[in-house]
Amino acid sequence: MLKSDDVRENVKKYYGCRLESSCDLQTSATSCSLACSTLPRSLTEALSLIHPDVIKRFFGCGLPFPAKLEGCRVLDLGSGSGRDCFAFSKLVGPSGHVTGIDMTEQLITASRQFVEYHQKKFGYEEPNVSFVQGYMEKLCEAGIQRDSMDILISNCVICLCPDKRAVLQQAYDVLKDGGELYFSDMYASSVIPDHMKQDPVLWGEGMGGSLFWKDLISLAHSVGFSTPRLVSASHIEVHNIQLKEKAGDIKYASGTYRLFKLPQQPGRSGAAVIYKGTIPDFPDQLDFDSSHCFKKDVEVEVDAEMTAIIQVSRFSSDFTVRMLDEHKSDSEPTPQHCGGILAHDVTKINHHRCRAVFQKLYSVFIKWTLWTS
């Protein structure tokens, strides 16, 4: 097994020196991030204003851009070229702030060169984005304060880190109560064998360090996060024949999830909630995740954990909440259709059964749809 320090050095060299542009990657991970056909107008506009040189060196595998960002404090774990940071700096507005952290000196230096460009492009009097060199497993050492961030994002970077639990623990610590980690990453169809983890190119491509999808739920719960909620996913193709041979039967997918930092003693009652249609870009319907679509003025029953998310997160003012008694909250919610997925496939979610339900959701959405061809 490669040691953590060796992995970091290999990844630094891979992204700092070896890769000149996203075209140099050996998988379709980057193209997956651009495949979404229905993007909010504000996001489309923000991305269109990013400097071409920043776009050129973007290596992400998703679009981790949640709704309702005005005035938020955002931290980008593994900010790379800074594409997502600059887009977020437009979306949070002049009253918000975005911090990007990356361990690769070349990428941090390159990102800082475009701060003034985007400040002027967005018409801000002062820059609202900054970049810090450091490790996402050691956020406190990099100067990121506990309980200081509203949102953390990450775009296909956690798979490059050997200690994923440390990343999630640090993410949890720096988030405010009610804050969320909204991230895209690469996932493997089975546990990565040790011989693949020793290959520096496989690590650089994210293939050697991808998490087995079943392990995400237990990892998230172990540090205190809510049940991971799948937003979107897409299959990743390995273009390089040699790398494909090394991977054998292992398949890869890009998945975007959202995890929330909830109170340690969340309520045990579900609720009937009504979306007010007050979030910009989503006046008629808010697609919260792959199993929750909230139409304006339509009452929907949700489980206890989703109730807690709505009540303590930045979305609290956008919903009317009518609490249900505990017995009622354990019953099956009304099936609702969202993005081709029936919500009755993920019914009866509660604090004690969320692991099994999440596995079913993921298997329905990923295994049946993506890993069979």
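Residues numbered from 1 in each chain as written. Predicted model: local features only at pLDDT ≥ 70, side-chain atom pairs only at ≥ 80, totals over all residues. Heavy atoms only, no water.

### Notes on the pattern of salt bridges
Now for step 1: This structure, assessed with the given rule, holds 14 salt bridges.
Now for step 2: Across the salt bridge formed by Glu299 and Arg322, the nearest N and O atoms sit 2.9 Å from each other. Here Glu299 is found in strand S12 (residues 299-302), whereas its partner Arg322 is found in strand S13 (residues 319-323), with 23 residues between them in sequence.
Now for step 3: Its relative accessible area of 42% is what places Arg322 among the partly exposed residues.
Now for step 4: What emerges from the salt-bridge pattern is a single network uniting Arg229, Asp289, Asp303 and Glu305. (Salt bridge = Lys/Arg side-chain N within 4 Å of Asp/Glu carboxyl O. Helix = DSSP H or I, 4+ residues; strand = E, 2+ residues; numbered from the N terminus. Buried < 20%, exposed > 50% of the residue type's maximum accessible area, 1.4 Å probe, protein only.)

### Some thoughts on helix H6 (residues 105-112)
Now for step 1: Turning to H6, its buried residues are Leu107, Ile108 and Ser111. Seen along its axis, H6 keeps its buried residues to an arc of 100°; they face one direction. (Arc of directions from axis to C-beta.)

### Quick word on the state of the cysteines
Now for step 1: Applying the stated criterion across every chain yields a total of zero disulfides.
Now for step 2: Sulfur of Cys159: no disulfide; nearest cysteine sulfur belongs to Cys156 and is 4.1 Å away. (Disulfide = S-S within 2.5 Å.)

### Observations regarding the sheet that holds S12
Now for step 1: Spatial ordering of the open sheet is given by S12-S9-S13, a layout of three strands whose pairing is antiparallel. Looking along the sheet, the strands with just one partner apiece sit at the ends: S12 and S13. In this sheet, neighbouring strand axes are inclined to one another by 30° on average, regardless of whether the strands run parallel or antiparallel.
Now for step 2: Pairing between strand S9 (residues 271-275) and S13: five bridges, direction antiparallel. Its bridge partner being in S13, Tyr275 is matched across the sheet by Phe319.
Now for step 3: Contacts from helix H13 (residues 304-312) reach S9, S12 and S13, with the element oriented near 135° to S13. (Pairing = 2+ DSSP bridges. Axes fitted to C-alpha atoms, helices over the stretch in contact; angles between N-to-C directions. Contact = heavy atoms within 4.5 Å.)

### Describing helix H7 (residues 115-122)
Owing to its 3.6 residues per turn, the α-helix aligns residues three or four sequence positions apart on the same side.
Now for step 1: Among the residues of H7, Val115, His118, Gln119 and Phe122 are the ones counted as buried. The arc that holds every buried residue of H7, seen down its axis, measures 105°, which confines them to one face.
Now for step 2: Here the buried face of H7 lies against helix H4 (52-56), helix H5 (83-92), H6 and strand S3 (129-133).
Now for step 3: Phi turns positive one or two residues past the end of H7, at Gly123, with a value near 75°.

### Details of the pairing of strand S11 (residues 292-295)
Now for step 1: As paired elements, strand S10 (residues 285-289) and S11 share four bridges and run antiparallel to each other. Directly across from Leu286, in S11, lies its bridge partner Phe294.
Now for step 2: Count of turn residues in the S10/S11 antiparallel hairpin: two residues.

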